Structures are given as structure tokens and as C-alpha cells.
Amino acid sequence: IDNILNKFDKNSVGVILMFDIDDFKQINDENGHIAGDKAIQSFAEELRRQFIETDTIGRIGGDEFLVWIKDVSEKNTIETKVKILNDSLFKLYNEGLIELNISVSAGATVAELGDTFENVYGRADSALYKAKETGKSKCVIYTCKEY
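Predicted, not measured: the structure shown is a model, and the values here were computed from it. (Residues numbered from 1 in each chain as written. Predicted model: local features only at pLDDT ≥ 70, side-chain atom pairs only at ≥ 80, totals over all residues. Heavy atoms only, no water.)

**Concerning the overall build of the protein chain**
The number of helices and strands found in the protein chain is 5 helices and 7 strands. Ordered by position from the N terminus, the helices and strands of the protein chain form the series α-β-α-α-β-β-α-β-β-β-α-β. Taken against the 2.2 N^0.38 rule, which gives 15 Å for 147 residues, the C-alpha radius of gyration of the protein chain at 15 Å falls within 12% of a compact globule. When the backbone C-alpha atoms are referred to their principal axes, the protein chain occupies close to 55 × 30 × 25 Å. Looking at the 147 residues of the protein chain, the share that counts as buried comes to 40%. Counting only contacts in the protein chain whose residues sit at least 6 apart along the sequence, the fraction spanning at least 24 positions is 67%. Surface accessibility of the protein chain: about 8300 Å² in total, with carbon and sulfur atoms responsible for 48%. (Helix = DSSP H or I, 4+ residues; strand = E, 2+ residues; numbered from the N terminus. Rg over C-alpha atoms; globule rule 2.2 N^0.38 Å. Buried < 20%, exposed > 50% of the residue type's maximum accessible area, 1.4 Å probe, protein only. Contact = heavy atoms within 4.5 Å. Areas by Shrake-Rupley, 256 points an atom, 1.4 Å probe, with all protein chains shown as cover.)

As C-alpha cells, then:
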């Protein structure tokens, strides 16, 4: 992502989306770590289905994932993408007697000319914390002026 940002010009557009599986600790505690692993695998598979080949998808630790979306900057497009993702995750994993209602919260920021990975990562992380504070299964988009 740093390489992409280093090549940014005034016409470049991109968004960092940071995802966190809601109540992941509860999934592990109530259903066991195997179920938690299945939740992470199911979410990763759904990310691959929902985003295109030119997007960059990665697991950054635990139950947190990051997606770089090229050529998108519209707030409605970002929020719609997260809503579709959450709709597809609901009751995604059902094995035996275990049914997990998986949802994610997301923080996003639009990359700007001169940004580094640390800048956009920090803003997306801040927006993710705001989304978690204000409820689950939400997307908060960070802007320089306000959330």
C-alpha cells in the first residue's frame, strides 16, 4: 500500500477499510477456539468474494483485516460495500449445533496525495474504534474535519 501511495498523483483515488469481527472474544468463549477460527476463515472467504482482484486484502492480526480499494472514494459506495458484506456474513457459518451470527465493524478513510501507509492506517483505525464505540455492524468513515 505504501508503494501505491508513493505513486499517487492528483487523479489517484483509493480507500483503506479496516474490519474487526464484532464480539469475537464472545465467539471464542461461548463456542470454542475452533469456532473462532471458522469465523475468521469464513470472513476471509467472504472478503475474497466481495472485493475484486485489484483490491488488496490482508489479515493484520487477530480478528482484524484491512482492504485497500483502488479507484473508490464515494462515501455511499464504501458504506454500501460494508452493508453488503455484513448482510452476507449473517449466519454464514453453521456447522452441527454451532450457528454463528458474524458481523463486522469497519473504519475507513480516503487516501490523499502525500499520505503514507501509517497516515491512512491510523485514520482507519481511529474510525474503526469510533464505529465500535457507537454500536456494532457499522462503518465509520474518517475525514479530516469530523467522523
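The discussion continues.
**Points about the packing of helix α2 (residues 24-31) against helix α3 (residues 33-50)**
Between α2 and α3, the least distance of the axes is 6 Å, while the angle of their chain directions is 140°. Taken together, the axes of α2 and α3 are oblique relative to one another. Across the interface between the two elements, F24, I27, N28 and N31 of α2 pack against H33, A35, G36, A39 and I40 of α3. A class-by-class count of the residues in the contact of α2 with α3 yields 5 nonpolar, 4 polar and no charged. (Axes fitted to C-alpha atoms, helices over the stretch in contact; angles between N-to-C directions. Parallel < 35°, antiparallel > 145°, perpendicular 65-115°, else oblique. Nonpolar A, V, L, I, M, F, W, Y, C, P; charged D, E, K, R; others polar.)

**Regarding the packing of α3 against helix α4 (residues 75-89)**
Look at α3 against α4: their axes get within 11 Å of each other, and the N-to-C directions meet at 135°. For the element pair α3 / α4, the angle class is oblique. Where α3 crosses over α4, the handedness of that crossing is right-handed. Note on element contacts: α4 touches α3 through K81, I84, L85, S88 and L89, opposite F43, E46, L47 and Q50. (Left-handed = near helix turned anticlockwise from the far one by under 90°.)

**Quick notes on the sheet that holds strand β1 (residues 14-21)**
Judged by pairing direction, the sheet is mixed, and its 5 strands sit side by side in the order β2-β3-β1-β6-β7 without closing on themselves. Because the sheet does not close on itself, it has two edges, and the strands there are β2 (56-61) and β7 (139-142). On average, each strand axis in the sheet is inclined to that of its neighbour by 20°, with strand direction left out of account. Two strands pair when backbone bridges link them, and strand β6 (residues 104-110) and β7 are joined in this way by 4 bridges, in the parallel orientation. Looking at β7, one finds that G107 is bridged to V140. (Pairing = 2+ DSSP bridges.)

**Description of the pattern of salt bridges**
Using the criterion set out here, one finds 7 salt bridges in the structure. In this structure, D20 and K132 form a salt bridge, with 2.6 Å as the shortest nitrogen-oxygen distance. Placement of the pair is D20 in strand β1 and K132 in helix α5 (residues 117-133), with a sequence separation of 112 residues. Take K132: its relative accessible area is 22%, and that puts it in the partly exposed class. For R49, the salt bridge goes to E46, with nearest N and O atoms at 2.7 Å. One end of the pair is R49 and the other is E46, both in helix α3 and 3 residues apart, which spans about a single turn. The exposed category is assigned to R49, whose relative accessible area is 52%. (Salt bridge = Lys/Arg side-chain N within 4 Å of Asp/Glu carboxyl O.)

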